[in-house]
Amino acid sequence: MTEIRPSFLMVVNVFAGAGKAKHIWQKIEVQLKEEKVDYRVMMTNYPGHGVQLATDFALRHKYDAKWVVVAVGGDGTLHEVLNGLHRGGGDQIPLGYIPAGSGNDFARGINLPTQPLVALQKLLEVQHATSLDVGAYQNRLDSHATLFTNNVGIGFDASVVHAANAGQKDHLRKYHLESGAYVSSLIKTFFKQKSFGLSVKTEQDQHRFNRAFLVTTTNIKYFGGGVPIMPIADLHDGKLDLIVVEQIGVLRFVKLFGEMLTTGNHLKSSAVHHFRSQRLHIQTDLPENGQVNGENIQKQKFDLNFWVTQRPFWIS
Ligand SMILES: Nc1ncnc2c1ncn2[C@@H]1O[C@H](COP(=O)(O)OP(=O)(O)OP(=O)(O)O)[C@@H](O)[C@H]1O
């Protein structure tokens, strides 16, 4: 039986991965042509353009089952395309992904090869969509919900993201886990970040933290470009994982971070609190930095409802 291949819309951010996405895309396009794949390409011309492109596409093609929309870039590009499809009513259009960013946490989280040409081969071999969990959140004053594949952070991890994104004229510079700049930014941010009051409501109970430091709601195992904050995250369980780390001294924090990177024993620490729930509500006492999929959320007093939804992905 001959399989019918879908048509692909490739949404490409050539600035992802400090610009290396441009070369990746060139190689991918050669391969697409060689394999006579039916595709269209749209390049993002500015931050946020991926949302617009995907919204417009979904509005036009949401009832046409032949399309798969593929984000080519990093976690930020994936985030824009996911939300653009959502805004255009295209939640049923399968979403594919070719990692070409700096962190590529989603690709790690779903065991997608991080070598782009291998990821492309995998994409072309897929025969049917797979439903995966996607997180959703809405701040009390937001007019609409935002979806996320990876995580939403408030406090320390968000401040690290804000520091990494600050002063970037062109979004070209990004820190890597193994780079000295990343480590020095972590240390500087650690001393700047103040603890804050936080209220948490899960489906079962309520909790109060007077000295919250890092608050991450995650759908996948990784954050921050390869840090396995939630080794047991499951994209099929219909639940989100919330990690609250209370403020601790620098030596204890370094030990905790080391455990996060190696054994996963950070989850046993008395300073770390883990909640798994289909619905969550978190509220900060004061304005804090936020991040979603490594993109800044403006500093604000958060009053967030979280829930889980499912959507089709074009992955094997
Ligand atoms: N034409 C453009 N010029 C400048 N920035 C752009 C352009 N198109 C998209 N962007 C922005 O580039 C930023 C980074 O993209 P992305 O997150 O995909 O790559 P990355 O940061 O290298 O990867 P990762 O998030 O996996 O570490 C996003 O904020 C996106 O809005």
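Residues numbered from 1 in each chain as written. Predicted model: local features only at pLDDT ≥ 70, side-chain atom pairs only at ≥ 80, totals over all residues.

**Q** Talk me through the overall build of the protein; I want residue IDs and the actual numbers.
**A** If you tally the helices and strands in the protein, you get eight helices and 15 strands. Relative to the globule expectation of 20 Å for 316 residues, the C-alpha radius of gyration of the protein, 19 Å, shows essentially globular dimensions. Over its C-alpha atoms, taken along the principal directions, the protein stretches across nearly 60 × 40 × 35 Å. Each of the 316 residues in the protein was classed as buried or not, and the buried ones make up 44%. (Helix = DSSP H or I, 4+ residues; strand = E, 2+ residues; numbered from the N terminus. Rg over C-alpha atoms; globule rule 2.2 N^0.38 Å. Buried ≥ 20, exposed ≤ 12 C-beta atoms within 10 Å, placed from the backbone.)

**Q** Describe the domain arrangement of the protein, and please don't skip the residues or the numbers.
**A** What the domain assignment lists for the protein is domain 1 (7-128) and domain 2 (136-310). Measuring from the centre of the C-alpha atoms in domain 1 to the corresponding centre in domain 2 gives 25 Å. Mapped onto the side of domain 1 that touches domain 2, the elements with two or more residues apiece are α3 (75-87) and α4 (105-109). Top contributing element to the side of domain 1 that touches domain 2 by residue count: α3, with seven residues. Of the residues belonging to the side of domain 1 that touches domain 2, the class tally is seven nonpolar, eight polar and three charged. (Domains from an automatic or database assignment. Nonpolar A, V, L, I, M, F, W, Y, C, P; charged D, E, K, R; others polar.)

**Q** Describe in detail the packing of helix α1 (residues 20-34) against helix α5 (residues 116-125), supporting the description with residues and values.
**A** The contact between α1 and α5 brings their axes to 10 Å, and the two run at 35 degrees. Our pair here, α1 against α5, has a crossing hand that is right-handed. Two secondary-structure elements touch here, α1 through Ile24, Lys27, Ile28 and Gln31 and α5 through Pro116, Leu117 and Leu120. (Axes fitted to C-alpha atoms, helices over the stretch in contact; angles between N-to-C directions. Left-handed = near helix turned anticlockwise from the far one by under 90°. Contact = placed C-beta atoms within 7 Å.)

**Q** How would you explain the site of the ligand if you had to name every residue and give the values?
**A** What surrounds the ligand is a group of 26 residues, the closest being Pro47, Gly74, Gly76, Gly101 and Gly103. With four residues, the single largest contributor to the shell around the ligand is α3. In the shell around the ligand, the residues fall into four nonpolar, 17 polar and five charged. There are two domains that each give the shell around the ligand at least three residues, and those are domain 1 (7-128) and domain 2 (136-310). (Near = placed C-beta within 6 Å.)

**Q** How would you summarise the nonpolar core if you had to cite specific residues and measurements?
**A** Counting 80 residues, the largest nonpolar core has Val11, Val69, Val70 and Val72 as its most contacted members. A per-element tally of this core places strand β3 (residues 67-73) first, with six residues. Ignoring sequence-local partners within four residues, the contact set of Val72 consists of Met10, Val11, Val12, Asn13, Ala21, Trp25, Ile28, Ile98 and Ala100. (Core = buried A, V, L, I, M, F, W, Y, C linked by C-beta atoms within 7 Å.)

**Q** Describe α3, listing the residues and the values that go with them.
**A** In a regular helix each residue adds 1.5 Å, so 13 residues correspond to 18 Å; α3 covers 18 Å between its end C-alpha atoms and thus fits that length. In terms of burial, α3 is a largely internal element, 12 of the 13 residues being buried. Among all positions of α3, only Asp75, Gly76, Thr77, Leu78, His79, Glu80, Val81, Leu82, Asn83, Gly84, Leu85 and His86 are buried. Remark: Gly89 follows α3 within two positions and exhibits a positive phi of approximately 80 degrees. (Expected span 1.5 Å × (residues − 1).)

**Q** Describe the pairing of strand β5 (residues 130-139), listing the residues and the values that go with them.
**A** Of the strand pairs in this sheet, β5 and strand β15 (residues 295-313) are connected by 10 bridges, and their pairing is antiparallel. Pairing of Asn139 across the sheet is with Leu304, part of β15. Examined bridge by bridge, β5 and strand β6 (residues 146-148) share three bridges and lie antiparallel to one another. Looking across to β6, one finds that Ala136 is bridged to Leu147. (Pairing = 2+ DSSP bridges.)

**Q** Can you break down α1 residue by residue, with the values?
**A** Taking 1.5 Å as the rise per residue, α1 with 15 residues should run 21 Å; its terminal C-alpha atoms sit 22 Å apart, in good agreement. Turning to α1, its buried residues number three or more, namely Ala21, Ile24, Trp25 and Ile28. Looking straight down α1, one finds that the buried residues subtend no more than 100 degrees of arc, so they occupy a single side. Across α1 from its buried face, at more than 90 degrees, point the exposed residues Gln26, Lys27, Val30, Lys33 and Glu34. (Arc of directions from axis to C-beta.)

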